[in-house]
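# An overview of the molecular structure
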Amino acid sequence: MSTPLNGKLVTVFGASGFLGRHIVQALAKRGYRVRAAVRRPDLATHLQPLGAVGQIMPVQANLRYRWSVDRAVQGADAVVNAVGILAPSGKQTFDAVQAFGPRAIAEAARAAGLAGITHVSAIGADAESSSAYARSKAVGEAGVLETLPGSVILRPSIVFGPEDDFFNKFAGMARFSPALPLLGGGETKFQPVYVCDVAEAVARAVDGELSAGAVYELGGPEVKSFRDCLEETLEVTLRKRVLLPVPFPVASAMGKVFQMLPMAPFTADQVELLKSDNVVSDAAKADGRTLEGIGIAPATLAAILPTYLDRFREHGQYDAHRPA
């Protein structure tokens with residue numbers, strides 16, 4: 001049985017991406033009409049079955065073209081920005097997508113009469129970071145809050161789920177490689193957060209349940225080292241691989257070479273990110289600016305990873321049930 005529509009329209013930028021599609025689903029379940037603002041609407045038809053007939057409509061929008069942003073926001077009751085890239089590609093640079101793009105969305109929303117938007121950033125956003133990714137995230141946050149101080153900023157740690165680019169990547173590498181790289185020795189701390197939990201937080205922000213002008217940090221229930229994450233990946237996929245420590249200087253040099261390839265396993269900038277832990281701060285915990293603080297019990301890696309990494313087992317998802 002479909003949820004009755006509530007009459008409100010939400011524009012979601014980056015709707016066809018990993019996190020975006022889950023945000024669309026969470027909003028559709030609440031009865032919102034969703035305008036999925038994406039660069040390629042013809043590649044976003046997978047979103048429409050997430051809601052009722054006519055509830056989700058892809059439209060063309062590119063953060064590098066302000067007129068398309070204005071058009072996508074026109075008439076919306078709320079706006080969500082979930083656009084993000086892990087590495088630059090062509091004209092899709094960190095500055096264009098993550099630094100200046102959020103300000104353009106906020107300016108369009110302000111012109112449309114909105115008091116704020118919901119902006120997805122990342123833990124580690126820092127204007128002084130040695131990582132271009134982290135600096136661009138900080139500039140994007142500042143642009144949103146300067147333009148619309150009533151906005152809500154959500155900073156997730158590393159996000160996991162069926163289409164993630166972390167656990168899937170290393171599980172895929174383990175199919176062919178006898179060793180997996182522990183960049184920087186594998187000591188970097190993460191707080192992996194389930195994509196559906198992040199999407200739920202976004203939906204609650206759209207509902208008006210989160211504090212305007214606040215920055216929330218979203219992490220899962222467990223802090224895991226890089227090594228822990230790879231070990232859990234191997235455990236779920238039933239594979240034994242050597243975990244090979246790679247010092248940061250060597251990893252950076254490798255990243256500079258890899259980033260020139262079409263499908264780079266990692267880049268030099270991503271190595272820079274790994275030099276800092278990616279966990280929820282004590283200040284956010286004390287202020288209740290976390291998933292638990294807004295009433296969401298985050299899912300564990302152990303509960304979710306087997307639901308999508310089992311395909312990387314030697315004989316697929318039924319490998320665990322093979323007779324000895």
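This write-up is about the structure you can find in this document. From a predicted model like this one, the values you see are computed outputs, not experimental measurements. (Residues numbered from 1 in each chain as written. Predicted model: local features only at pLDDT ≥ 70, side-chain atom pairs only at ≥ 80, totals over all residues. Heavy atoms only, no water.)

## Some words on the overall build of the protein
Counting its secondary structure elements, the protein contains twelve helices and 13 strands. Dimensions along the principal axes, computed over C-alpha positions, put the protein at roughly 60 × 50 × 40 Å. Burial analysis of the protein (324 residues in total) assigns 53% to the buried set. Long-range contacts, defined as pairs at least 24 residues apart, comprise 75% of the intrachain contacts of the protein with a sequence gap of at least 6. Charge separation in the protein, taken as the distance between the mean sites of 33 positive and 32 negative side-chain charges, equals 6 Å. (Helix = DSSP H or I, 4+ residues; strand = E, 2+ residues; numbered from the N terminus. Buried < 20%, exposed > 50% of the residue type's maximum accessible area, 1.4 Å probe, protein only. Contact = heavy atoms within 4.5 Å. Lys, Arg positive; Asp, Glu negative; His and termini not counted. Charge placed at Lys NZ, Arg CZ, Asp CG, Glu CD.)

## A few points about the pairing of strand β6 (residues 152-156)
Residues in a regular strand project their side chains so that they alternate between the two faces of the sheet. Counting buried residues in β6 gives five out of five residues, a clear majority hidden from the surface. Of the two faces of β6, the one lined by Val 152, Leu 154 and Pro 156 and the one lined by Ile 153 and Arg 155 are each fully buried. Two elements, strand β5 (residues 118-120) and β6, share three bridges in a ladder whose sense is parallel. Paired with His 119 across the bridge in β6 is Ile 153. (Pairing = 2+ DSSP bridges.)

## Topic: the layout of surface pockets
In this structure, the second largest pocket occupies an estimated 290 Å³ of space. As for the second largest pocket, its lining consists of 20 residues, and the residues nearest its centre are Ala 78, Gly 116, Thr 118, Ala 205 and Val 206. Those elements giving two or more residues to the lining of the second largest pocket turn out to be β4 (78-81) and α6 (195-207). Ranked by residues supplied to the lining of the second largest pocket, first place goes to α6 with three residues. Its residues placed into classes, the lining of the second largest pocket shows twelve nonpolar, five polar and three charged. (1 Å grid on protein atoms, 1.4 Å probe; cavity = no way out; pocket = protein on both sides within 12 Å on 5 of 7 lines; lining within 4 Å. Points joined across faces, edges and corners; volume = space filled by probe spheres on them. Nonpolar A, V, L, I, M, F, W, Y, C, P; charged D, E, K, R; others polar.)

## Details of the pattern of salt bridges
The tally for this structure, following the rule as stated, stands at 13 salt bridges. Two residues, Arg 30 and Asp 207, come together in a salt bridge whose shortest N-O distance is 2.6 Å. In this pair, Arg 30 is assigned in the loop between α1 (18-29) and β2 (33-38) and Asp 207 in helix α6, connecting sequence segments 177 residues apart. Here Asp 207 falls in the partly exposed class, since its relative accessible area comes to 31%. The salt bridge involving Asp 42 is made with Arg 40; its shortest N-O contact spans 2.7 Å. Asp 42 sits in the partly exposed class, given a relative accessible area of 46%. Here the salt bridges do not stand alone but share partners, grouping Arg 30, Glu 200, Arg 204 and Asp 207 into one network. (Salt bridge = Lys/Arg side-chain N within 4 Å of Asp/Glu carboxyl O.)

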